[in-house]
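# Summary of structural features
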Amino acid sequence: MNEAVVERYARFSRDEAPGRSELYAEWAAGVAADPEVAAIIGRIPATKRQPPLVFAVSRMLGAPERGYPAWAAWVMEHADRLVTEASRRGLQTNEPQRCAALLPALAALDGPLALLEIGASAGLCLYPDRYSYRYRERESGRVIGLDPHDGPSSVVLECEVIGAPTLRMPRVVWRAGIDLAPLDASDPDDRRFLTSLVWPGERGRVERIEAALDIAAADPPLLLAGDATDAGTLAALASAAPSGATLVVTTPGVLPHIPRAGRDRLLSAVGSMHAVWISIDPPGLHEAWRPPVDPETWGGFVLGRDGVPLAAVDPLGAFVEWRASGTDAAG
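Since we're looking at a predicted model, the values are computed, not measured.

This brings us to the packing of aromatic side chains. Counted under the stated rule, the structure contains twelve aromatic pairs. Note on Phe-12 and Phe-55: the rings are 6.2 Å apart at their centroids and 70° apart in plane angle, and the pair reads as edge-to-face. You can see Phe-12 sitting in helix H1 (residues 3-16) and its partner Phe-55 sitting in helix H4 (residues 51-60), a full 43 residues away along the chain. The exposure classification of Phe-12 matches that of Phe-55, with both residues buried. Look at Tyr-24 and Phe-55: their rings are 4.8 Å apart centre to centre, the planes differ by 50°, and that puts the pair in the tilted class. Highlighted residues: Tyr-24 in helix H2 (residues 22-32) and Phe-55 in helix H4, separated in sequence by 31 residues. Side by side, Tyr-24 and Phe-55 carry an identical accessibility label, which is buried.

Here it is, written out as structure tokens:
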């Protein structure tokens, strides 16, 4: 029996899936108790056998979204396909809802913006100016609506806001991203993979991602396959940004997935660039915050600009609690 697989899937079933996807909780518990299926998953490289990835790949390939016996039967029949596809994929959750958390940090920047996202996947977080926003103030219940200049978008992002951040649509004139394995918003397999990464039971996310994929496919960003922790690779992409635009490097949720040595190289490279850095990170992930944040009391991920903490945010953009002073908020 593959003990590492059993332990990982038992933990996922017990601690991570309940309350978010009961079907994934059932599948993971089944794997932990099924030596044959655990052995198949054990053939996948250790860095590629996370339950959300394996489950997503199986659904992408046609596994039924039914109880564990039906799913396990599919896995037994399609073991080689599952192992091959999972071995070449990675968790690339590309949630456009994150733009609702990024927008307050972008709104205070002057001039046209050139966006460069690290860990861009299909680039869905490179279109903050193409989505509609509905910010609901927690205290008053008032809704602040923002739409693109040409009218409401097919992607509408709802977000609870606490405090008084600047909320206005940015003007984006260039968008680019770098990823170890970028996805193509117009490719049917990549689209199916991204929507399969949504856990069963999460309402509204598939429709939102599909609509954002349509926007990206109609006006594709510049996506580079490469390692952003290599300073030369990052600088080469940044050099393609148009003159006269403010270069903004964004890292919305990607830094936790980069090993520490590479993360340190990346932060050093970004710090040496003539660019604004906007990030969404766990508060205890790195020591770049000025002033430092206390992970025990912060109350969410940190939305930061050039290392200055601006707001506590939901990592996927469901809420923004603005905490910056007027000077910090001005950029």
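Attention shifts here to the sheet that holds strand E6 (residues 222-225). Sheet strands pair via backbone hydrogen bonds, and the direction of the pair is either parallel or antiparallel. Here we have eleven strands laid out as an open sheet, ordered E3-E2-E4-E11-E10-E9-E8-E7-E1-E5-E6, and mixed in their pairing. Looking at the sheet topology across the chains shown, the edges are occupied by strand E3 (143-146) and E6. Ignoring strand direction, the axes of neighbouring strands in this sheet form an average angle of 25°. Sitting on the sheet, helix H7 (residues 99-107) touches strand E1 (113-118), strand E2 (132-137), E3, strand E4 (156-162), strand E7 (246-252), strand E8 (276-281), strand E9 (301-305), strand E10 (308-313) and strand E11 (319-322), and the angle it makes with E2 is about 85°.

What counts as what
- Each chain carries its own residue numbering, running from 1 in the direction its sequence is written.
- Only residues with pLDDT of at least 70 are given local features in this predicted model, and only at 80 or more are side-chain atom pairs given and counted; all residues enter the totals for whole chains, interfaces and linings.
- Excluded from the side-chain calculations are hydrogens and water; all other atoms, namely the structure's heavy atoms, are used.
- Within 6.5 Å between ring centres, the rings of Phe, Tyr and Trp (the latter by its six-membered ring) count as paired, and their orientation is classed by plane angle as stacked under 30 degrees, edge-to-face over 60, tilted in between.
- Helix numbering and strand numbering both begin at the N terminus, where a helix is a DSSP run of H or I of at least 4 residues and a strand a DSSP run of E of at least 2.
- Only protein chains enter the accessibility calculation, which uses a 1.4 Å probe; a residue is then buried when its area is under 20% of its type maximum, exposed when over 50%, and partly exposed in between.
- Any two strands are treated as partners once DSSP identifies two or more bridges connecting them.
- Helix axes use the C-alpha atoms of the stretch in contact, all axes being lines fitted to C-alpha atoms, and the angles between their N-to-C directions lie in the range 0 to 180 degrees.
- Two residues form a contact once any of their heavy atoms are found within 4.5 Å.

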